[in-house]
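Take a look at the letters that make up each chain.
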Amino acid sequence: MAGSRYAYVRDFELADAALPRTYLVVRIDGRGFHRFSQQQQFSKPNDPDALELMNEAARAVLREFKGHITLAFGESDEYSFLLDRDSNLYNRRQSKLVSHIVSVFTGAYVFMWSRYMRIPLERPPSFDGRLVMYPTAREVRDYFSWRQADSTFAAALTQPAHINNLYNTVFWALVLQGQQTEHEAHETLKGTFSSDKHEILYTRFGINYDKLPALYRKGTTLVWAPVPGQQPRSKPKTELRSLHVDIISDAFWMHTDDAPPALPTSTSDLFYEAPDRLTGPGLGERVLE
Ligand SMILES: [Mg+2]
(Lines give C-alpha, C1' and ligand atoms only; values in the text may rest on other atoms or scores of the structure.)
Protein backbone atom coordinates (compact mmCIF):
# COMPACT_ATOMS: atom_id res chain seq x y z
CA MET A 1 0.00 0.00 0.00
CA ALA A 2 1.87 3.03 -1.26
CA GLY A 3 1.45 6.16 0.84
CA SER A 4 -1.83 6.25 2.59
CA ARG A 5 -5.40 6.83 1.64
CA TYR A 6 -5.02 10.29 3.12
CA ALA A 7 -2.10 11.40 1.02
CA TYR A 8 -4.29 12.68 -1.79
CA VAL A 9 -4.97 15.85 0.22
CA ARG A 10 -1.57 16.96 -0.83
CA ASP A 11 -2.90 17.47 -4.32
CA PHE A 12 -4.81 20.45 -3.00
CA GLU A 13 -1.57 22.32 -2.33
CA LEU A 14 -1.17 24.61 -5.29
CA ALA A 15 2.15 25.33 -6.91
CA ASP A 16 3.06 28.97 -6.42
CA ALA A 17 6.56 29.28 -7.82
CA ALA A 18 7.55 32.75 -8.97
CA LEU A 19 8.48 33.10 -12.64
CA PRO A 20 12.05 32.10 -13.45
CA ARG A 21 14.68 34.76 -14.09
CA THR A 22 12.59 37.57 -12.65
CA TYR A 23 13.66 39.89 -9.87
CA LEU A 24 11.58 39.26 -6.79
CA VAL A 25 10.75 41.99 -4.33
CA VAL A 26 9.24 41.13 -0.98
CA ARG A 27 7.84 44.15 0.83
CA ILE A 28 6.89 43.89 4.46
CA ASP A 29 4.80 46.43 6.30
CA GLY A 30 4.05 46.97 9.98
CA ARG A 31 0.47 46.22 10.92
CA GLY A 32 -1.26 49.02 12.82
CA PHE A 33 1.99 50.86 13.41
CA HIS A 34 0.27 54.21 13.74
CA ARG A 35 -1.22 53.00 17.01
CA PHE A 36 1.75 50.79 17.90
CA SER A 37 4.12 53.75 17.64
CA GLN A 38 1.88 55.78 19.94
CA GLN A 39 1.62 52.97 22.50
CA GLN A 40 5.36 52.51 22.44
CA GLN A 41 5.96 56.27 22.60
CA PHE A 42 8.05 56.59 19.45
CA SER A 43 9.27 60.17 19.15
CA LYS A 44 7.55 62.15 16.40
CA PRO A 45 7.91 62.71 13.53
CA ASN A 46 10.91 60.35 13.42
CA ASP A 47 12.35 58.10 16.06
CA PRO A 48 15.92 57.26 15.04
CA ASP A 49 16.16 54.35 17.46
CA ALA A 50 12.93 52.80 16.20
CA LEU A 51 14.17 53.20 12.62
CA GLU A 52 17.47 51.61 13.51
CA LEU A 53 15.64 48.69 15.10
CA MET A 54 13.85 48.23 11.75
CA ASN A 55 17.25 48.37 10.05
CA GLU A 56 18.70 45.81 12.44
CA ALA A 57 15.80 43.42 11.82
CA ALA A 58 16.34 43.87 8.08
CA ARG A 59 20.07 43.17 8.46
CA ALA A 60 19.11 39.89 10.14
CA VAL A 61 17.10 39.03 7.02
CA LEU A 62 20.01 39.86 4.71
CA ARG A 63 22.40 37.73 6.75
CA GLU A 64 19.95 34.84 6.87
CA PHE A 65 19.52 34.94 3.10
CA LYS A 66 23.03 35.92 2.08
CA GLY A 67 23.61 35.07 -1.56
CA HIS A 68 19.90 35.43 -2.30
CA ILE A 69 18.85 38.86 -1.06
CA THR A 70 21.17 41.44 -2.55
CA LEU A 71 19.62 44.72 -1.44
CA ALA A 72 16.95 46.10 0.84
CA PHE A 73 15.36 49.46 1.32
CA GLY A 74 13.36 50.63 4.33
CA GLU A 75 11.56 53.69 5.57
CA SER A 76 8.96 54.22 8.26
CA ASP A 77 7.40 50.83 9.08
CA GLU A 78 8.16 49.14 5.79
CA TYR A 79 11.08 47.28 4.23
CA SER A 80 11.57 45.91 0.71
CA PHE A 81 13.93 43.01 -0.01
CA LEU A 82 15.30 42.28 -3.46
CA LEU A 83 16.08 38.68 -4.39
CA ASP A 84 18.63 37.96 -7.05
CA ARG A 85 16.97 36.93 -10.29
CA ASP A 86 18.95 33.67 -10.32
CA SER A 87 18.08 32.74 -6.76
CA ASN A 88 16.44 29.37 -6.44
CA LEU A 89 15.68 29.69 -2.77
CA TYR A 90 12.71 27.47 -1.82
CA ASN A 91 12.43 26.66 -5.51
CA ARG A 92 11.08 30.21 -5.74
CA ARG A 93 7.88 29.26 -3.95
CA GLN A 94 6.23 32.56 -3.14
CA SER A 95 4.46 31.63 0.07
CA LYS A 96 7.66 30.17 1.52
CA LEU A 97 9.74 33.19 0.56
CA VAL A 98 7.30 35.74 1.93
CA SER A 99 6.53 33.89 5.13
CA HIS A 100 10.15 33.16 5.97
CA ILE A 101 11.27 36.74 5.34
CA VAL A 102 8.40 38.12 7.41
CA SER A 103 9.09 35.76 10.26
CA VAL A 104 12.86 36.31 10.37
CA PHE A 105 12.22 40.05 10.32
CA THR A 106 9.55 39.98 13.02
CA GLY A 107 11.53 37.61 15.22
CA ALA A 108 14.60 39.83 14.98
CA TYR A 109 12.54 42.97 15.62
CA VAL A 110 11.24 41.55 18.88
CA PHE A 111 14.55 39.90 19.83
CA MET A 112 16.50 43.15 19.37
CA TRP A 113 13.88 45.48 20.81
CA SER A 114 15.50 46.07 24.20
CA ARG A 115 18.86 46.89 22.63
CA TYR A 116 17.38 49.87 20.83
CA MET A 117 14.31 51.01 22.70
CA ARG A 118 14.04 52.31 26.26
CA ILE A 119 10.39 51.44 26.81
CA PRO A 120 9.58 47.74 27.21
CA LEU A 121 7.65 46.12 24.42
CA GLU A 122 4.01 46.24 25.51
CA ARG A 123 2.39 44.25 22.77
CA PRO A 124 3.59 41.97 19.96
CA PRO A 125 4.23 43.81 16.71
CA SER A 126 3.36 42.11 13.44
CA PHE A 127 4.15 42.60 9.77
CA ASP A 128 2.49 41.57 6.55
CA GLY A 129 4.34 40.75 3.35
CA ARG A 130 3.77 40.57 -0.37
CA LEU A 131 5.88 39.44 -3.29
CA VAL A 132 6.10 41.11 -6.70
CA MET A 133 8.01 39.85 -9.75
CA TYR A 134 9.82 42.34 -11.97
CA PRO A 135 11.12 41.32 -15.39
CA THR A 136 14.05 43.70 -15.85
CA ALA A 137 16.47 45.97 -14.02
CA ARG A 138 14.46 48.95 -15.23
CA GLU A 139 11.42 48.02 -13.15
CA VAL A 140 13.58 47.23 -10.16
CA ARG A 141 15.18 50.67 -10.30
CA ASP A 142 11.77 52.27 -10.69
CA TYR A 143 10.39 50.24 -7.83
CA PHE A 144 13.07 51.44 -5.41
CA SER A 145 12.77 55.00 -6.75
CA TRP A 146 9.06 54.82 -6.02
CA ARG A 147 9.61 53.71 -2.45
CA GLN A 148 12.34 56.27 -1.79
CA ALA A 149 10.41 59.10 -3.42
CA ASP A 150 7.55 58.19 -1.20
CA SER A 151 9.68 58.80 1.85
CA THR A 152 11.20 61.95 0.41
CA PHE A 153 8.49 63.97 -1.28
CA ALA A 154 4.82 64.63 -0.82
CA ALA A 155 4.27 64.19 -4.52
CA ALA A 156 2.86 60.68 -4.33
CA LEU A 157 -0.72 61.79 -3.90
CA THR A 158 -2.05 58.31 -4.43
CA GLN A 159 -0.35 57.23 -1.22
CA PRO A 160 -1.97 57.75 2.14
CA ALA A 161 -0.25 60.95 3.11
CA HIS A 162 0.51 59.93 6.66
CA ILE A 163 3.18 57.48 5.54
CA ASN A 164 5.11 60.28 3.98
CA ASN A 165 8.03 61.71 5.86
CA LEU A 166 7.69 65.28 4.64
CA TYR A 167 4.03 65.18 5.56
CA ASN A 168 4.85 63.75 8.96
CA THR A 169 7.49 66.35 9.61
CA VAL A 170 5.13 69.27 8.92
CA PHE A 171 2.25 67.55 10.66
CA TRP A 172 4.19 67.10 13.90
CA ALA A 173 5.69 70.59 13.71
CA LEU A 174 2.12 71.95 13.56
CA VAL A 175 1.10 69.79 16.52
CA LEU A 176 4.17 69.98 18.75
CA GLN A 177 5.37 73.50 17.99
CA GLY A 178 2.30 75.12 16.42
CA GLN A 179 -0.09 73.96 19.17
CA GLN A 180 -2.59 72.59 16.66
CA THR A 181 -4.66 69.51 17.40
CA GLU A 182 -4.00 66.50 15.16
CA HIS A 183 -7.32 67.16 13.46
CA GLU A 184 -6.43 70.81 12.81
CA ALA A 185 -3.02 69.82 11.46
CA HIS A 186 -4.63 67.40 8.99
CA GLU A 187 -6.98 70.21 7.92
CA THR A 188 -4.10 72.65 7.51
CA LEU A 189 -2.29 70.20 5.22
CA LYS A 190 -5.28 69.12 3.17
CA GLY A 191 -4.62 69.83 -0.50
CA THR A 192 -1.14 71.23 0.05
CA PHE A 193 1.67 70.37 -2.32
CA SER A 194 5.22 69.48 -1.51
CA SER A 195 6.34 73.08 -2.05
CA ASP A 196 3.67 74.35 0.38
CA LYS A 197 4.90 71.97 3.05
CA HIS A 198 8.50 73.08 2.64
CA GLU A 199 7.26 76.66 2.90
CA ILE A 200 5.24 76.06 6.09
CA LEU A 201 8.17 74.27 7.69
CA TYR A 202 10.59 77.03 6.82
CA THR A 203 8.53 80.16 7.42
CA ARG A 204 6.61 79.03 10.51
CA PHE A 205 9.10 76.76 12.20
CA GLY A 206 12.47 77.67 10.74
CA ILE A 207 13.02 74.09 9.57
CA ASN A 208 14.83 73.51 6.29
CA TYR A 209 13.57 70.08 5.31
CA ASP A 210 16.56 69.42 3.07
CA LYS A 211 18.87 69.79 6.05
CA LEU A 212 17.17 67.14 8.17
CA PRO A 213 19.09 63.88 8.70
CA ALA A 214 19.40 61.76 5.57
CA LEU A 215 18.07 58.81 7.58
CA TYR A 216 14.67 60.53 7.60
CA ARG A 217 14.69 61.89 4.06
CA LYS A 218 16.36 59.00 2.22
CA GLY A 219 15.42 56.00 4.32
CA THR A 220 17.95 53.19 4.69
CA THR A 221 19.46 51.07 1.95
CA LEU A 222 21.23 47.84 2.89
CA VAL A 223 23.57 46.31 0.38
CA TRP A 224 26.34 43.73 0.27
CA ALA A 225 29.37 45.72 -0.85
CA PRO A 226 32.92 44.56 -1.59
CA VAL A 227 35.25 45.06 1.36
CA PRO A 228 37.58 47.87 0.29
CA GLY A 229 41.28 47.30 -0.29
CA GLN A 230 41.15 43.68 -1.56
CA GLN A 231 43.22 42.23 -4.34
CA PRO A 232 40.99 41.94 -7.41
CA ARG A 233 39.32 38.54 -7.49
CA SER A 234 36.27 37.10 -9.14
CA LYS A 235 34.30 36.82 -5.94
CA PRO A 236 35.26 39.66 -3.64
CA LYS A 237 34.62 39.46 0.08
CA THR A 238 31.58 41.49 0.92
CA GLU A 239 30.27 43.32 3.95
CA LEU A 240 26.79 44.54 4.74
CA ARG A 241 26.59 48.31 4.39
CA SER A 242 23.83 50.53 5.77
CA LEU A 243 23.34 53.71 3.76
CA HIS A 244 21.18 56.81 3.87
CA VAL A 245 21.76 57.90 0.30
CA ASP A 246 19.89 58.73 -2.89
CA ILE A 247 19.08 55.54 -4.81
CA ILE A 248 16.93 57.27 -7.42
CA SER A 249 19.79 58.73 -9.47
CA ASP A 250 22.35 56.67 -11.40
CA ALA A 251 25.26 57.34 -9.04
CA PHE A 252 24.34 54.54 -6.66
CA TRP A 253 23.80 51.94 -9.39
CA MET A 254 26.66 52.64 -11.75
CA HIS A 255 30.30 52.21 -11.09
CA THR A 256 32.64 54.79 -12.52
CA ASP A 257 36.40 54.55 -12.73
CA ASP A 258 36.76 57.82 -10.90
CA ALA A 259 38.52 57.51 -7.59
CA PRO A 260 35.93 56.99 -4.88
CA PRO A 261 35.04 60.30 -3.27
CA ALA A 262 36.51 60.95 0.12
CA LEU A 263 34.13 60.02 2.90
CA PRO A 264 32.23 63.03 4.14
CA THR A 265 33.68 64.31 7.34
CA SER A 266 31.40 64.24 10.30
CA THR A 267 32.00 65.27 13.84
CA SER A 268 28.69 63.85 14.95
CA ASP A 269 28.59 60.70 17.01
CA LEU A 270 25.03 59.95 15.91
CA PHE A 271 25.05 56.51 14.30
CA TYR A 272 23.09 57.72 11.28
CA GLU A 273 25.60 60.47 10.59
CA ALA A 274 28.56 58.08 10.45
CA PRO A 275 30.52 58.96 7.30
CA ASP A 276 30.31 55.44 5.85
CA ARG A 277 26.52 55.65 5.91
CA LEU A 278 26.32 58.84 3.90
CA THR A 279 27.98 57.89 0.68
CA GLY A 280 27.83 54.83 -1.54
CA PRO A 281 28.38 55.60 -5.22
CA GLY A 282 28.44 52.49 -7.38
CA LEU A 283 27.55 50.14 -4.54
CA GLY A 284 24.41 49.05 -6.35
CA GLU A 285 26.32 48.09 -9.48
CA ARG A 286 26.57 44.36 -8.84
CA VAL A 287 22.98 44.11 -7.68
CA LEU A 288 21.44 44.34 -11.14
CA GLU A 289 24.13 42.60 -13.18
MG1 LIG B 1 2.10 49.99 8.12
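So, how was this worked out
- Residues numbered from 1 in each chain as written.
- Predicted model: local features only at pLDDT ≥ 70, side-chain atom pairs only at ≥ 80, totals over all residues.
- Helix = DSSP H or I, 4+ residues; strand = E, 2+ residues; numbered from the N terminus.
- Rg over C-alpha atoms; globule rule 2.2 N^0.38 Å.
- Axes fitted to C-alpha atoms, helices over the stretch in contact; angles between N-to-C directions.
- Parallel < 35°, antiparallel > 145°, perpendicular 65-115°, else oblique.
- Left-handed = near helix turned anticlockwise from the far one by under 90°.
- Contact = placed C-beta atoms within 7 Å.
- Nonpolar A, V, L, I, M, F, W, Y, C, P; charged D, E, K, R; others polar.
- UniProt positions renumbered as here; feature names shortened; annotations may be inferred.
- Buried ≥ 20, exposed ≤ 12 C-beta atoms within 10 Å, placed from the backbone.
- Pairing = 2+ DSSP bridges.
- Domains from an automatic or database assignment.
- Expected span 1.5 Å × (residues − 1).
- Bend = angle between axes of the 7 residues up to and from the residue.

(A) Geometry of the overall build of the protein. In terms of regular secondary structure, the protein is built from 8 helices and 6 strands. When the helices and strands of the protein are placed in sequence order, the string is β-α-α-β-β-α-β-α-α-α-α-α-β-β. Relative to the globule expectation of 19 Å for 289 residues, the C-alpha radius of gyration of the protein, 21 Å, shows essentially globular dimensions. With the principal axes as the frame, the protein shows a C-alpha extent of 80 × 55 × 35 Å.

(B) Just the packing of helix H5 (residues 165-176) against helix H6 (residues 182-189), in detail. The interhelical angle for the contact between H5 and H6, taken along N-to-C directions, is 130 degrees, at an axis separation of 9 Å. Taken together, H5 and H6 sit at an angle that is classed as oblique. When the axes of H5 and H6 are compared, the crossing they make is right-handed. Side by side, H5 and H6 meet where Tyr167, Val170, Phe171, Leu174 and Val175 of the first sit next to Glu182, Ala185, Thr188 and Leu189 of the second. Taken together, the residues of the contact of H5 with H6 break down into 7 nonpolar, 1 polar and 1 charged.

(C) Summary view of the UniProt feature "transmembrane region" (unreviewed entry) in the protein. The UniProt entry lists residues 97-116 under the feature "transmembrane region" (unreviewed entry), expressed in the numbering used here. Counted over residues 97-116, helix gives 100% and strand 0%. Its end C-alpha atoms are 27 Å apart.

(D) Broad picture of unusual backbone geometry. The linkage connecting lysine 44 with the following residue, proline 45, adopts the cis geometry, with an omega of 0 degrees. Here proline 45 shows up in the loop between helix H1 (33-39) and helix H2 (48-64). Backbone geometry places arginine 21, a non-glycine residue, at a positive phi of 55 degrees. C-beta crowding within 10 Å serves as the criterion here: with 10 such atoms nearby, arginine 21 is assigned to the exposed category. At glutamine 179, a residue that is not glycine, the phi angle is positive and equals roughly 60 degrees. For glutamine 179, a count of 8 C-beta atoms within 10 Å puts it in the exposed group.

(E) Broad picture of the sheet that holds strand S4 (residues 127-134). The strand order across the open sheet built from 6 strands is S4-S1-S3-S2-S5-S6, with neighbouring strands paired in antiparallel fashion. Each end of this open sheet is capped by a strand with a single partner; those strands are S4 and strand S6 (238-243). Adjacent strand axes in the sheet meet at a mean angle of 20 degrees, parallel and antiparallel pairs treated alike. Here H2 sits on the sheet and contacts strand S2 (69-75), strand S3 (78-83), strand S5 (220-226) and S6; the angle it forms with S2, its principal contact strand, is near 165 degrees.

(F) Layout of the domain arrangement of the protein. On domain assignment, one finds that the protein holds domain 1 (16-152 + 214-289) and domain 2 (161-212). Put simply, the middle of domain 1 and the middle of domain 2, counted by C-alpha atoms, are 27 Å apart. Counting residues at the interface gives 9 residues for domain 1 and 9 residues for domain 2. Listing elements by their share of the side of domain 1 that touches domain 2, those giving two or more residues are helix H4 (137-152) and helix H8 (214-218). If you tally residues by element for the side of domain 1 that touches domain 2, the top one is H4, at 3 residues.

(G) Up close: helix H3 (residues 94-116). An ideal rise of 1.5 Å per residue puts 33 Å on 23 residues; H3 measures up with 32 Å between its terminal C-alpha atoms. Valine 110 marks the point of greatest bend in H3, at about 35 degrees. When H3 is considered as a whole, its buried residues turn out to be Leu97, Val98, Ile101, Phe105, Ala108 and Tyr109. Looking at the packing, one finds that the buried side of H3 touches strand S1 (23-30), H2, S3 and S4.

(H) Region of the structure containing the environment of leucine 53. Looking at the element boundaries, leucine 53 is found in helix H2. Take leucine 53: there are 21 C-beta atoms within 10 Å of it, and that puts it in the buried class. With 62 residues separating them in the primary sequence, leucine 53 and arginine 115 have C-alpha atoms 8.4 Å apart. If near-sequence neighbours (up to four positions away) are discounted, leucine 53 is found in contact with Tyr109, Met112, Trp113, Tyr116 and Met117.

(I) Molecular detail of the environment of serine 37. One can find serine 37 in helix H1. Remark: the alpha-carbon pair of serine 37 and alanine 50, spanning 13 residues in sequence, is separated by 9.0 Å.

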